[in-house]
Amino acid sequence: MQFRVGHEVRYEVILEAANAAEAGRMAEQMPYEEWHHNYVTSEDVIPMDESPVNPNAE
């Protein structure tokens, strides 16, 4: 049986900047691999077809 699994991830980085706009621009240019922290904030698991063992499984 196939399942589609999704994760929403929050990335966080701490930057030194003169103001919030500059910090936002700096963060936009930084690849996520260089961000300091990441957290899975939610996960969903969705069945893609019926189970041959239990066709009504959720």
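It should be noted that the structure appears before, not after, this text.
Residues numbered from 1 in each chain as written. Predicted model: local features only at pLDDT ≥ 70, side-chain atom pairs only at ≥ 80, totals over all residues. Heavy atoms only, no water.

Caption draft 1: Spotlight on the overall build of the protein. Per the secondary structure count, the protein includes 1 helix and 2 strands. Reading the secondary structure of the protein in the N-to-C direction produces β-α-β. Pairs at least 24 apart in sequence give 75% of the contacts found in the protein among residues at least 6 apart. (Helix = DSSP H or I, 4+ residues; strand = E, 2+ residues; numbered from the N terminus. Contact = heavy atoms within 4.5 Å.)

Caption draft 2: Representation of the packing of aromatic side chains within the structure. Inspection of the entire model under this criterion finds 3 aromatic pairs. With 4.3 Å between their ring centres and 20 degrees between their planes, Tyr11 and Tyr32 make a pair best called stacked. Of this pair, Tyr11 sits in strand β1 (residues 3-12) while Tyr32 is found in the loop between α1 (20-29) and β2 (37-47), placing the two residues 21 residues apart along the sequence. When the centroid spacing of 5.3 Å and the interplanar angle of 55 degrees are considered together, the rings of Tyr32 and Trp35 count as tilted. (Phe/Tyr/Trp six-rings, centres within 6.5 Å; stacked < 30°, edge-to-face > 60°.)

Caption draft 3: Representation of the pattern of salt bridges. By the definition in use, this model includes 1 salt bridge. A salt bridge links Arg10 to Glu12, with the nearest nitrogen and oxygen atoms 2.7 Å apart. Judged by relative accessible area, Arg10 falls into the partly exposed class, the value being 48%. (Salt bridge = Lys/Arg side-chain N within 4 Å of Asp/Glu carboxyl O. Buried < 20%, exposed > 50% of the residue type's maximum accessible area, 1.4 Å probe, protein only.)

Caption draft 4: Structural context of the environment of Val13. Inspection of the secondary structure assignment puts Val13 in the loop between β1 and α1. Considering only alpha carbons, one finds Val13 and Met30, 17 residues apart in sequence, at a separation of 9.5 Å. Residues within four places of Val13 in sequence aside, it is in contact with Met30, Trp35 and His36.

Caption draft 5: Spotlight on the environment of His7. On the secondary structure map, His7 appears in strand β1. In the structure, His7 is positioned 35 residues away from Ser42 in sequence and 5.8 Å away in space, judged by C-alpha atoms. Once you skip the residues sitting within four places of it in the chain, His7 turns out to touch Val40, Ser42 and Glu43. In this structure the side chain of His7 is engaged in a polar contact, spanning 2.6 Å, whose partner is the side chain of Glu43. (Polar contact = N/O pair within 3.5 Å; in protein donor to acceptor, adjacent residues only side chain to side chain.)

Function-wise, these values are silent; they only describe arrangement.
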